[in-house]
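Analysis of the macromolecular model
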Amino acid sequence: MAHIVGGLATSHVPSIGAAIARNETETPYWKPFFDAFKPVHTWLEHARPDIAVVLYNDHGLNFFLNNLPTFALGAAATYQNADEGWGIPILPSFTGEPRLSWHLANALVEQEFDISTCQEMLVDHAFTLPLKLMFPDAGDHWPVKVVPVSINSIQHPLPRPHRCWNFGTVIGEAIRDWQSDAKVVVVATGGLSHQLDGTRAGFINAEFDRFCLDSIIDRPELLARLSTAEIIEKAGSQGIELMTWIAMRGALPKGIHQVSSTYHVPVSNTGGAVLLLETAHQPSAALERV
Ligand code: DHB
Ligand code: FE
């Protein structure tokens, strides 16, 4: 059976890519955010996952408003990055793990999540930058295979947070049931609070972000039970990317411990957060649907 070794959640602003390209990672502005990945690197060296299942939200690169699935599951052999217009370098392509993708597709549809399966899928900054932050020295060869999973967070109606939680629990159970000895890390990217448009542009709510970082470990139902409107009110209209974190936590078992948690404001227009959770070595109970 495959084993989920841990969960990583991180913010994903495009200017992270620009900071890497311009060698600015040690500047006072960026250093606190990039330093948050030092414990992640140490952990990855030890945990050595084979596959990353990445819960993220496409921002208009692969899907646009004319064609926008609620839940989209990558089922390709490779995934390309492409120019999104942010001026950040295009990263090398990623190798998929279609066997796990189709196993997840079967489990999700069986459990009434009628996902789109994507045998071609471009991956945007929300997918590529977290991988680059995890593996800064990867060059052309990423050390993990990937399964991208995009959750619509740009065009309403959005899936409700509790539905993202349930979606994550099905993914977690399916990974643990997969006939493979692969080690899997579940990655969530997005958030925390930010709003890029409208009269509240620039809005960040550090208090709510810290509440998310704390409660997602032992009381994740406090987040899963919030409504979409409540999250947008507390975290900003793009802070709704928190849905990916909720889904990631749903995929992990009950028994986890925090390896590291970092919060730094602002990272571009966003409350910058990085949270690494490790699963217990002994199998522990799965979380329940809510
Ligand atoms: C920013 C944040 C995002 O999540 C994103 O997708 C694009 C930009 C920002 O803070 O600049
Ligand atoms: Fe985003």
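Given the structure is predicted, the values throughout are model-derived calculations rather than measurements.

Rules used in this analysis
Residues numbered from 1 in each chain as written. Chains lettered and ligands numbered in written order. Predicted model: local features only at pLDDT ≥ 70, side-chain atom pairs only at ≥ 80, totals over all residues. Heavy atoms only, no water. Helix = DSSP H or I, 4+ residues; strand = E, 2+ residues; numbered from the N terminus. Rg over C-alpha atoms; globule rule 2.2 N^0.38 Å. Buried < 20%, exposed > 50% of the residue type's maximum accessible area, 1.4 Å probe, protein only. Contact = heavy atoms within 4.5 Å. Areas by Shrake-Rupley, 256 points an atom, 1.4 Å probe, with all protein chains shown as cover. Donors = N, O, S within 2.8 Å, 3.2 Å for Na, K, Ca; no water. Near = heavy atom within 4 Å. Polar contact = N/O pair within 3.5 Å; in protein donor to acceptor, adjacent residues only side chain to side chain. Nonpolar A, V, L, I, M, F, W, Y, C, P; charged D, E, K, R; others polar. Phe/Tyr/Trp six-rings, centres within 6.5 Å; stacked < 30°, edge-to-face > 60°.

1. Regarding the overall build of the protein chain
A tally of regular secondary structure across the protein chain gives 10 helices and 11 strands. The C-alpha atoms of the protein chain give 17 Å as radius of gyration, which agrees with the globular expectation for 290 residues (19 Å, within 12%). Along the three orthogonal principal directions, the C-alpha set of the protein chain runs to about 45 × 40 × 40 Å. Buried positions account for 56% of the 290 residues belonging to the protein chain. If you take every contact in the protein chain between residues at least 6 apart in sequence, the share linking residues at least 24 apart comes to 81%. Surface summary for the protein chain: the accessible area is close to 12,200 Å², and the carbon and sulfur share equals 49%.

2. Section: the coordination of the iron ion (ligand 2)
The textbook angles at a metal center are 109.5 degrees for a tetrahedron of four donors and 90 or 180 degrees for an octahedron of six. Taken together, His-12 (NE2), His-59 (NE2) and Glu-241 (OE) make up the protein donors of the iron ion (ligand 2), found 2.1 to 2.2 Å from the metal. Along the chain, the residues donating to the iron ion (ligand 2) fall in the pattern H-x46-H-x181-E. Of the two residues, His-12 is situated in the loop between strand 1 (3-10) and helix 1 (15-21) and Glu-241 in the loop between helix 9 (228-235) and helix 10 (242-251); the sequence distance between them amounts to 229 residues. In this structure Glu-241 comes out as buried when scored by relative accessible area, which is 3%.

3. Thoughts on the site of ligand 1
Near ligand 1 you find His-12, Val-13, Pro-14, His-59, Trp-86, His-125, His-194, Leu-196, Glu-241, Ser-268, Asn-269 and Thr-270, and these make up its full shell. A distance of 2.8 Å is found between an oxygen atom of ligand 1 and a side-chain nitrogen or oxygen belonging to His-194. Take Thr-270: an N or O atom from its side chain is 2.7 Å from an oxygen atom of ligand 1. For ligand 1, whose free accessible area comes to 290 Å², the fraction covered by protein is 94%. Across the shell around ligand 1, the residue classes tally to four nonpolar, seven polar and one charged.

4. Some remarks on the packing of aromatic side chains
Aromatic ring pairs: the centre-centre distance and the angle between the two ring planes describe each pair. One pass over the structure, following the stated rule, counts 12 aromatic pairs. Summarising the aromatic geometry, the rings of Trp-30 and Phe-33 are spaced 6.4 Å apart at their centres and angled 70 degrees between planes, so their arrangement reads as edge-to-face. Given a relative accessible area of 1%, Phe-33 falls into the buried group. On the numbers, 5.9 Å between centres and 85 degrees between planes, the contact of Phe-33 with Phe-34 is edge-to-face. In this pair, the class of Phe-33 matches that of Phe-34, namely buried. By way of ring pairs, the aromatic residues Tyr-29, Trp-30, Phe-33, Phe-34 and Phe-37 are connected into one cluster.

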